[in-house]
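Structural overview for review
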Amino acid sequence: MGLKPNIDVDKIVFLAKEGIEKFSRNSELYISPMFFATEGFIIPTSTSAEFVLSIFESPLPEEKGFSACLTQFRRPALNMAPTMAKASCLYPNVARGLREANSKGFDVGVVLDPNGNVAEFSYTNLFMVRDGMVSTPAINGTFLNGITRQRIIKLLRDDGILVTERSINFEELLTASELFGTGNFAKISPCTQIEAKKLKIGPLYLKARELYFDYVGAC
């Protein structure tokens, strides 16, 4: 985005801990550090970057699963938008696809990349299980390599489960035995319907969830 942060990582961590302490110990919190420019016309003045930290109560959603369908709206390529940042300018396109999915009676959309391969669910990284193997779209500059995505991949691999990062076409999702999403909000959630096909909450999703929350609890 061309901004020069006016605060370092250690200070952000200090402020986050300070903010967390203002809540009760059992609170479930969402911590959102953000940078924004205060000067510039079209091109933000890089040195005008300011920092704001938002911390609010946000309980993890129930593990009831979600439904998904294909959306016509795609993720942009790296030369079309600042796809390597979690930038607010990307969210209107996310909203268009999500609105389309909701209008069809689904919770989220499956978003393709500019080449027509699967990129992600509307706002979470996508994992697919077929024939006992876990696959997830390879990072290609069109969607974020989420921290939770990275953690799930590592935990599964460390547990001896093969995880392949590759190009996935939408038709493969329709023959999957399991689908699940990972992200900073819900952490890990099962997809229980893709288009008209119903899916069960499967063993590899349950293993990934168990490994993740065991890891979090040990931190």
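The structure we're discussing is the one just above.
Report on the accompanying structure.

1. Considering the nonpolar core
Most often, soluble globular proteins keep nonpolar side chains buried together rather than apart. Counting residues in hydrophobic clusters, the biggest one holds 17 residues, and the most contacted among them are Ala 68, Val 110, Val 118, Phe 121, Leu 173, Leu 179 and Ile 194. Mapped by element, the contributors of at least two residues to this core are β3 (66-70), β4 (108-112), β5 (118-121), β6 (125-130), α4 (170-173) and β10 (187-194). Residues within four places of Val 110 in sequence aside, it is in contact with Ala 68, Cys 69, Leu 70, Thr 71, Val 118, Glu 120, Phe 121, Leu 126, Phe 170, Leu 173 and Ile 194. Judged by nonpolar contacts, the second largest core, of 16 residues, contains Phe 127, Val 163, Ala 208 and Leu 211.

2. Description of helix α5 (residues 203-218)
Between the first and last C-alpha of α5 there are 22 Å, a value that for 16 residues agrees with the 22 Å anticipated at 1.5 Å per step. Here the buried face of α5 lies against β6, β7 (133-137), α3 (147-158), β9 (178-183) and β10.

3. Considerations on the environment of Glu 39
Mapped onto the secondary structure, Glu 39 falls in the loop between β1 (29-37) and β2 (49-57). Its relative accessible area of 49% is what places Glu 39 among the partly exposed residues. With ten residues separating them in the primary sequence, Glu 39 and Ala 49 have C-alpha atoms 8.2 Å apart. In this structure, Glu 39 is in contact with Pro 44, Thr 45 and Ser 48, ignoring residues within four places of it in sequence.

4. What to know about empty space enclosed by the protein
Throughout the structure, instances matching the rule amount to one cavity of 30 Å³ or more. Roughly 50 Å³ of internal volume is contained in the largest cavity. Contributing to the lining of the largest cavity are Leu 60, Pro 61, Glu 62, Glu 63, Ala 186, Ile 188, Ser 189, Pro 190, Tyr 205 and Arg 209. Counting only elements with at least two residues in the lining of the largest cavity, the list comes to β10 and α5.

5. Focus: the pairing of β7
Within β7, four of the five residues are buried, leaving the element largely enclosed by the surrounding structure. Once β6 ends, the chain turns through two residues before running back antiparallel as β7, passing Asp 131 with a positive phi of about 55°. Taken together, the four bridges between β7 and strand β8 (residues 163-166) define a ladder with parallel strand orientation. Each bridged residue has a counterpart across the sheet, and for Val 134 the counterpart in β8 is Val 163.

6. Concerning the pattern of salt bridges
For the structure on display, the rule yields nine salt bridges. The shortest N-O distance in the salt bridge between Glu 100 and Lys 104 comes to 3.4 Å. Residue class for Glu 100 comes out buried when judged on its relative accessible area of 14%. Overall, Lys 104 belongs to the partly exposed group, its relative accessible area being 46%. Residues Glu 172 and Arg 166 are paired through a salt bridge, measuring 2.7 Å at the closest nitrogen-oxygen approach. With a relative accessible area of 12%, Glu 172 lands in the buried category.

Rules used in this analysis
Residues numbered from 1 in each chain as written. Predicted model: local features only at pLDDT ≥ 70, side-chain atom pairs only at ≥ 80, totals over all residues. Heavy atoms only, no water. Core = buried A, V, L, I, M, F, W, Y, C linked by side-chain atoms within 4.5 Å. Buried < 20%, exposed > 50% of the residue type's maximum accessible area, 1.4 Å probe, protein only. Helix = DSSP H or I, 4+ residues; strand = E, 2+ residues; numbered from the N terminus. Contact = heavy atoms within 4.5 Å. Expected span 1.5 Å × (residues − 1). 1 Å grid on protein atoms, 1.4 Å probe; cavity = no way out; pocket = protein on both sides within 12 Å on 5 of 7 lines; lining within 4 Å. Points joined across faces, edges and corners; volume = space filled by probe spheres on them. Pairing = 2+ DSSP bridges. Salt bridge = Lys/Arg side-chain N within 4 Å of Asp/Glu carboxyl O.

Keep in mind these values describe shape, not function.
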